[in-house]
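Residues per chain, in single letters:
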Amino acid sequence: VSEPRYDTPFVVRPEPDLADLVPTYLQRRHTDAETISAALEQGDLEVVRIVGHSMKGSGGGYGFDGLTDIGQELENAGRESDAEGATAALRHLRDYLANVEVVYE
Amino acid sequence: MKPIRRRDLVSAVRAAIDGGAARQAPSVKPTVAAPVGATHPLRILLVEDTEDNRLLIQAYLKNSPHTLVMAEDGKLAVEAFHKAGPSGFDVVLMDMQMPVMDGYDATREIRRMESADGMPRTPIVALTAFALPQEAKSAIDAGCDEYLTKPIKKATLLEALARYGGDAA
C-alpha cells in the first residue's frame, strides 16, 4: 500500500453549487488539525478517532476524496491507539490543506 | 375543515397501502407504496450531528422541491418525529453515530412509536461512514430500510429519495 502523499500542490474541483460552503469546510479541517495535534500531545487517541471518522464521512461529499482517505487513516490510528500512525496522518492532513488548490468549473 | 393538499392525500393513500403490511410483518423489508413513476415533494427528516454534513445535504436539496427538517441527535429526531405525527415525514435520513442518542436507538424508538400508535412505517435510510463491517447489518436490524455510505454524493442521495417517490431531478 503506497502512503498517500499531498506534499506537492494539487487541484481539486468541487461541485460549483458547493462553492459557498467549501471555504468554511476547509477552515474547519485546519481546526481539526489543531484539535488532533492537541489530542496527540495529551495521548488522547479517542479524539483522533472521532475527528477522523467525521472527516471520512464528509470529505468526499464536498469533493475532497483525499480528506476522506486521511479521515480513515486518523480513525484507524485512533481506534488502534497508534500514536505514530496518527502523527503520520496528521502530517498528511496538514500537507493536504497546505497544497490543495480549489478550482470551480 | 382544512383543505386537502395533494401530498397529504398521497401520504394517506401510501399509509393505507403499506401500514397494514408493515404492522403484520415488521421484520419484512417493506415495499415502497408510492406508485411506480410517481414523484412528489418529500418531507424529509435529516438526523445528523455534524454540521458539515447537514450543510452538504441542505445544499444538495437546495433546488429540489423537498422540504428538510433537521435534528442534531437521535433524541431530537424522535421528538421531531413524534411532533410531526402520522405521515409527518415521507423519509428519514438517519446518521448512526451521534451523541446523546445514536441512530440505532432513535430508529428503534421510531419503530416502537409507529407500532404502538398504528402509524404507517416511514422509510428510514441510514447514513453511515462505516467504521466496522457489522454496522450495515446493525442498521437494518434496528429498523432502517437501507443504508447509504458516507461520504454521500449528490446523485446517490437523489437516487435514494427517488426510490421513496421523490423527484430525482
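Details of the structure are given in the entry above.
We now turn to the structure provided with this report.

Rules and cut-offs
- Residues numbered from 1 in each chain as written.
- Chains lettered and ligands numbered in written order.
- Predicted model: local features only at pLDDT ≥ 70, side-chain atom pairs only at ≥ 80, totals over all residues.
- Heavy atoms only, no water.
- Helix = DSSP H or I, 4+ residues; strand = E, 2+ residues; numbered from the N terminus.
- Polar contact = N/O pair within 3.5 Å; in protein donor to acceptor, adjacent residues only side chain to side chain.
- Contact = heavy atoms within 4.5 Å.
- Buried area = accessible area lost by both parts, 1.4 Å probe.
- Salt bridge = Lys/Arg side-chain N within 4 Å of Asp/Glu carboxyl O.
- Phe/Tyr/Trp six-rings, centres within 6.5 Å; stacked < 30°, edge-to-face > 60°.
- Buried < 20%, exposed > 50% of the residue type's maximum accessible area, 1.4 Å probe, protein only.
- Lys NZ or Arg CZ within 6 Å of the ring centre and 35° of its normal.
- Axes fitted to C-alpha atoms, helices over the stretch in contact; angles between N-to-C directions.
- Parallel < 35°, antiparallel > 145°, perpendicular 65-115°, else oblique.
- Left-handed = near helix turned anticlockwise from the far one by under 90°.

Let us look at the side chain of Asp145 of chain B. With respect to the helices, strands and loops of the structure, Asp145 of chain B is situated in the loop between helix 5 (135-142) and strand 5 (146-149). A distance of 3.3 Å separates polar atoms of two side chains, one belonging to Asp145 of chain B and the other to Arg121 of chain B.

Moving on, we come to the interface of chain B and chain A. Between chain B and chain A, the contact holds 19 residues from the first and 19 residues from the second. Here chain B meets chain A over a buried area of about 1500 Å², counting both sides, of which 48% is carbon and sulfur. Contact with chain A buries area across many residues of chain B, yet Asp52, Leu56 and Pro151 of chain B alone supply 33% of it, more than any other trio. Our count for the chain B to chain A interface comes out at five salt bridges. Residue Lys153 of chain B is joined to Asp65 of chain A by a salt bridge in which the shortest nitrogen-to-oxygen separation is 3.3 Å. Take the side of chain B that touches chain A: its biggest share by element is seven residues, from helix 2 (residues 51-60) of chain B.

Here the focus is the packing of aromatic side chains. All names here are of chain A. For the coordinates displayed, the defined rule picks out six aromatic pairs over all chains. For the pair Tyr6 and Tyr96, a centre-to-centre distance of 4.9 Å together with 70 degrees between the ring planes defines the contact as edge-to-face. Separated by 90 residues along the polypeptide, Tyr6 in the segment before strand 1 (10-12) and Tyr96 in helix 4 (residues 83-99) bring together distant segments of the chain. Look at Tyr96 and you get buried, because its relative accessible area is 2%. Consider the rings of Tyr25 and Phe64, whose centres lie 6.2 Å apart with planes at 10 degrees: the pair is stacked. One end of the pair, Tyr25, is in helix 1 (residues 22-41); the other, Phe64, is in the loop between helix 2 (45-58) and helix 3 (65-79), and 39 residues separate them in sequence. By the burial criterion, Tyr25 is buried, and Phe64 matches it. Taken together through their ring pairs, the aromatic side chains of Tyr6, Phe10 and Tyr96 make up a single cluster. Across from the ring centre of Tyr25, 4.4 Å away, lies the NZ or CZ of Arg29, which sits over that ring.

Now for the packing of helix 1 of chain A against helix 2 of chain A. All names here are of chain A. Remark: helix 1 packs on helix 2, axes separated minimally by 9 Å, with the N-to-C direction vectors making an angle of 160 degrees. Considered as vectors, helix 1 and helix 2 are oriented roughly antiparallel to each other. Relative to helix 2, the crossing made by helix 1 is left-handed. Residue-level contacts link Tyr25, Arg29, Asp32, Thr35, Ile36, Ala39 and Leu40 of helix 1 to Leu45, Val47, Val48, Val51, Met55 and Ser58 of helix 2.

Residues and elements named next belong to chain A. Structurally, Gly59 is set in the loop between helix 2 and helix 3. Residue classification places Gly59 among the buried positions, given a relative accessible area of 0%. When the C-alpha positions of Gly59 and Tyr25 are compared, they lie 8.9 Å apart, and in sequence the two are 34 residues distant. In this structure, Gly59 is in contact with Tyr25, Phe64, Asp65, Leu67 and Thr68, ignoring residues within four places of it in sequence.

This brings us to unusual backbone geometry. Most peptide bonds take the trans form, and the phi angle of most residues other than glycine is negative. Here the bond from Lys150 of chain B into Pro151 of chain B is cis, since omega is 5 degrees, no more than 30 degrees from zero. Structurally, the position occupied by Pro151 of chain B is in the loop between strand 5 and helix 6 (154-163). Positive phi, close to 50 degrees, is recorded for Ser81 of chain A, a residue that is not glycine. Judged by relative accessible area, Ser81 of chain A falls into the exposed class, the value being 55%. For Val100 of chain B, which is not glycine, the phi torsion reads 70 degrees and is therefore positive. Tracing the sequence through the fold places Val100 of chain B in the loop between strand 3 (91-95) and helix 4 (103-117).

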